[in-house]
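# Remarks on the overall topology
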Amino acid sequence: MDSNKNGIVLKFGGASVSSPEAFSSIADIILHRKKKYSRVIVVVSAMGDTTDELISLANKVNPNPPRRELDMLLSVGERISIALLAMALAAKGTEALSFTGSQSGIITTNDHANAKIVNVKPHRLIPHLNKDKIVIVAGFQGMSLEGEITTLGRGGSDTTAVALAVSLEAEKVEFFKDVLGIYDKDPKIYQNANLLKELSYKEAFEIMDKGAQVLHSRCVRLAEKNSLPLKVLPFSRFLEEDLGTIIQDTVRSKKSISYED
Ligand code: ASP
Ligand code: MG
């Protein structure tokens, strides 16, 4: 879909939207990227510990909540974030529009709490992107072929970001984190951990197998299947182009689009 219109997907996790003020900082990053990319699609997670809080709220009402209803509840966390982010951009004079996963055409299996993305039909997003608007999508959620609201499993917003980038043929996904990038071992435990500049998908899987929780592993698999480059970088130093870690194939081969299996 129009790969010559240069597009980027920006993903912000729960830690980067843990306070009301954080939305304004993220809006600045988005506006900076908008100067370079004509199509900017933003994916956000729920604020801070919102998802955990919603789960414990559900458990107080019913220790064994129906999974369909739990998905209905948990999908709200990301909806709070998208609306607030659109408001933060509006406060800076930029029109942005927020969309839920189902509005964005994220089509999933019907496995509540662990749904896989089987297709993306972003028909509602494209007209806004073509009009130069910033589009903000709720991570972690979709709609099953049966029309039910689903969630993708904990940490699933990363996979939403990659699926959208694949569908819209974006140049890459940038994941803004509270770390400088991906290290060869956990920098919080090992002082001699090295920051890595570039990794293949295979190397990224090896590091994640050793326990690094940098990205949702399903998103790396989806990126590998579609040869989509991923970048992990610190949100506090987003202007420094050289910072961060890139995950990509040395040769970017053109593959036909495929989603999760
Ligand atoms: N908010 C969801 C979770 O905490 C999804 C995500 O953060 O990616 O698992
Ligand atoms: Mg979260």
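Report on the accompanying structure. (Residues numbered from 1 in each chain as written. Chains lettered and ligands numbered in written order. Predicted model: local features only at pLDDT ≥ 70, side-chain atom pairs only at ≥ 80, totals over all residues. Heavy atoms only, no water.)

What follows is about the sheet that holds strand β8 (residues 149-151). Note on sheets: strands pair through backbone hydrogen bonds, and any given pair is parallel or antiparallel. Judged by pairing direction, the sheet is mixed, and its 4 strands sit side by side in the order β5-β4-β7-β8 without closing on themselves. A strand with exactly one partner marks an edge of an open sheet, and here the two such strands are β5 (117-120) and β8. The mean angle between the axes of side-by-side strands here comes to 45°, regardless of whether they run parallel or antiparallel. The sheet contact formed by strand β4 (residues 106-108) and strand β7 (residues 141-144) spans 2 bridges and is parallel. Bridge assignment links Ile 107 to a residue of β7, and that residue is Met 143. (Pairing = 2+ DSSP bridges. Helix = DSSP H or I, 4+ residues; strand = E, 2+ residues; numbered from the N terminus. Axes fitted to C-alpha atoms, helices over the stretch in contact; angles between N-to-C directions.)

On to the environment of Val 43, then. Note that Val 43 resides in strand β2 (residues 39-44). Between the alpha carbons of Val 43 and Ser 98 there is a distance of 9.6 Å; along the sequence they are 55 residues apart. Aside from chain neighbours lying at most four places away, what touches Val 43 is Val 9, Leu 10, Lys 11, Phe 12, Val 137, Gly 139, Ser 157, Thr 160, Ala 161 and Leu 164. (Contact = heavy atoms within 4.5 Å.)

Here helix α3 (residues 67-91) spans 37 Å end to end across 25 residues, near enough to the 36 Å set by a 1.5 Å rise per residue. Residue Gly 77 marks the point of greatest curvature in α3, where the axis turns by about 25°. Listed as buried for α3 are Leu 70, Asp 71, Leu 74, Ser 75, Gly 77, Glu 78, Ser 81, Ile 82, Leu 85, Ala 86, Ala 88 and Leu 89. After α3 finishes, the residue Gly 93 shows a positive phi value of roughly 80°. (Expected span 1.5 Å × (residues − 1). Bend = angle between axes of the 7 residues up to and from the residue. Buried < 20%, exposed > 50% of the residue type's maximum accessible area, 1.4 Å probe, protein only.)

Here the focus is the sheet that holds β2. What the 8 strands build is an open sheet, ordered β3-β6-β2-β1-β9-β13-β14-β12; its pairing is mixed. A single partner strand is all that each edge strand has here, and the edge strands are β3 (96-99) and β12 (198-199). As judged from the 2 bridges shared by β12 and strand β14 (residues 245-247), these two strands associate in the parallel manner. Paired with Leu 199 across the strands is Ile 247, a residue of β14. Running at roughly 160° to strand β6 (residues 134-138), α3 makes contact with β2, β3 and β6 of the sheet.

Bringing the site of ligand 1 into the picture now. Residues in close proximity to ligand 1 include Ser 45, Ala 46, Thr 51, Glu 78, Phe 140, Arg 154, Gly 155, Gly 156 and Ser 157, which together make up its full environment. The separation between a nitrogen atom of ligand 1 and a polar side-chain atom of Thr 51 is 2.8 Å. Note that an oxygen atom of ligand 1 is positioned 2.8 Å from one of the backbone N or O atoms of Gly 155. Protein burial of ligand 1: of its 260 Å² of free accessible surface, 85% is covered by the chains. The pocket occupied by ligand 1, as judged from atoms lying within 2 Å of grid points, is the largest pocket. A per-class count over the shell around ligand 1 returns 2 nonpolar, 5 polar and 2 charged. (Near = heavy atom within 4 Å. Polar contact = N/O pair within 3.5 Å; in protein donor to acceptor, adjacent residues only side chain to side chain. Areas by Shrake-Rupley, 256 points an atom, 1.4 Å probe, with all protein chains shown as cover. 1 Å grid on protein atoms, 1.4 Å probe; cavity = no way out; pocket = protein on both sides within 12 Å on 5 of 7 lines; lining within 4 Å. Sits in = over half its atoms within 2 Å of the grid points. Nonpolar A, V, L, I, M, F, W, Y, C, P; charged D, E, K, R; others polar.)

What follows is about helix α2 (residues 50-61). Its 12 residues give α2 an end-to-end C-alpha distance of 17 Å, which sits within 8% of 16 Å, the value for a rise of 1.5 Å per residue. Listed in full, the buried residues belonging to α2 are Thr 50, Thr 51, Leu 54 and Ala 58. Down the axis of α2, the smallest arc covering the buried residues is 100°, so these residues share one side. Opposite the packed face of α2, turned more than 90 degrees from it, sit the exposed residues Glu 53 and Lys 60. Taken together, the buried residues of α2 touch α3. (Arc of directions from axis to C-beta.)

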